[in-house]
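What follows is each chain in one-letter form.
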Amino acid sequence: CDSHVEECEATWQYLDKRYWHRRPLHLDLHGTPGRSLQDSYWLIDGRTHPRPEGLASTIGGSPPSSTLGRGKSFSIGSQILEDVPARLADMDQLGIDVSVLYPTATLTHLTDDPRYEAALMRSYNTWLAERCSPAPHRLKFGALVPLRSPQDAIAEVKRAKELGAVSLFSMGTAGEKMLDDESLDPVYEEVVKQDLPFTVHVGWSHPGLTQSCNDLYAGFTVSFTLPVLMGFFSMTAGGVLDRHPGLKLAFLEAGGDWLPFWVHRLDQYHPLVRALGRPVSNYRPGEYLKTGSVYFSVEGDEAGVPTVVELLGEDHVMSSADIPHAEAREKHLEIMAGREDLSSKVREKILTH
């Protein structure tokens, strides 16, 4: 699970005509003195993305012509899936048979306009379905869901199934809204109806968290990661699984070492909030891990993988590669295969299920 594509100009070619004049434009500052390795940007509604410097920093998602993109061990054609044989060759070299692909640029909100964001996501989904079509048995994709516009999200969940998506992509919040906001219930109803897993991935989804981080280090850790923990709260303690028990969930690219801490913390406060007469989920969050509804991806070098397996069950822990990102952790699968604190049966399930 969870490899990526880098968006390119072709990603936006399916944009609705009413938004065509606002389509993302490629701004290349390569060679400009003093620029970072991330020296290529998308210009959207007068703003550049990503923002690798200063307040509200983000990284990744630039056109792959940047110095950072050209310096990766993956060719540009592989990164943008313009050269599918090259991507398959990269997968072969890393021992990856099948990849489920997720975005890069839309790991943050590219616009403040939810309807325009929905249009960008529709174009991306159409583009990626077309890019995966030459090798459908090896290249799968998770479709973007525009949760900040629930009416568009419902329609896109239906279309995602028709396009051949194998999962749905979300970050840990829908902008400033938590994922347990009742306005999203009709979306989850459609997700269950279409029988697609709903995946919660790291990303700069919460504007307040993003704005609080004043450098790239904080942006790449704090505001990028914490929304996944918020998403886990929403789905369990926030009652989403109570209202939609058929929902299948996966939490991706945040690892699993935080899960024991977070479950203990949420379980600890559950009876207190109930005693105060406030609404709580039907069960303590930790109990939802035994329902078979929750899956996690883990990293090869995480110390707590055995504990995560114990909490979730050996059939609910997955591996991810993160290619072609700069932190792709090329040795991740190799490290996982060699771990002596996991049985051979568990290692095989993590690597093959």
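Residues numbered from 1 in each chain as written. Predicted model: local features only at pLDDT ≥ 70, side-chain atom pairs only at ≥ 80, totals over all residues. Heavy atoms only, no water.

Engineer: When you look at helix H14 (residues 344–352) in this model, what are you seeing that I'm missing?
Structural biologist: Each α-helix winds once per 3.6 residues, and so residues spaced three or four apart point in a common direction. Of the positions making up H14, those classed as buried are Val346, Arg347, Lys349 and Ile350. Down the axis of H14, the buried side of the element spans an arc of 165°, and every buried residue falls inside it. Those residues of H14 that are exposed and angled more than 90 degrees off the buried face are Ser344, Glu348 and Thr352. (Buried < 20%, exposed > 50% of the residue type's maximum accessible area, 1.4 Å probe, protein only. Helix = DSSP H or I, 4+ residues; strand = E, 2+ residues; numbered from the N terminus. Arc of directions from axis to C-beta.)

Engineer: When you look at the sheet that holds strand S10 (residues 198–201) in this model, what are you seeing that I'm missing?
Structural biologist: Either a parallel or an antiparallel arrangement is found when strands of a sheet pair, and the pairing is made through backbone hydrogen bonds. Spatial strand order, S1-S5-S6-S7-S10-S11-S12-S13: 8 strands in an open sheet with parallel pairing. The sheet terminates laterally at strand S1 (3–4) and strand S13 (317–319), the two strands that pair on one side only. Along the sheet face, helix H12 (residues 305–312) touches strand S12 (294–298) and S13 and points at about 170° away from the line of S12. The strands touched by H14 within the sheet are S12 and S13, with S13 carrying the most contacts at an inclination of about 60°. (Pairing = 2+ DSSP bridges. Contact = heavy atoms within 4.5 Å. Axes fitted to C-alpha atoms, helices over the stretch in contact; angles between N-to-C directions.)

Engineer: Mind showing me how you'd approach the nonpolar core here?
Structural biologist: With 80 residues, the main nonpolar core has Phe198 and Phe232 as its most contacted residues. In this structure, Phe198 is in contact with Leu147, Leu168, Ser170, Leu179, Tyr188, Val191, Met235, Leu247, Lys248, Leu249 and Ala250, ignoring residues within four places of it in sequence. (Core = buried A, V, L, I, M, F, W, Y, C linked by side-chain atoms within 4.5 Å.)

Engineer: Help me understand a nonpolar patch on the surface in this model?
Structural biologist: Together, Leu25, Leu27 and Leu43 make up an exposed nonpolar region whose accessible area comes to about 210 Å². The partly exposed category is assigned to Leu25, whose relative accessible area is 43%. (Patch = residues over 30% accessible without salt bridge, like charges linked within 9 Å, V, L, I, M, F, W, Y side chains within 5 Å. Areas by Shrake-Rupley, 256 points an atom, 1.4 Å probe, with all protein chains shown as cover. Salt bridge = Lys/Arg side-chain N within 4 Å of Asp/Glu carboxyl O.)

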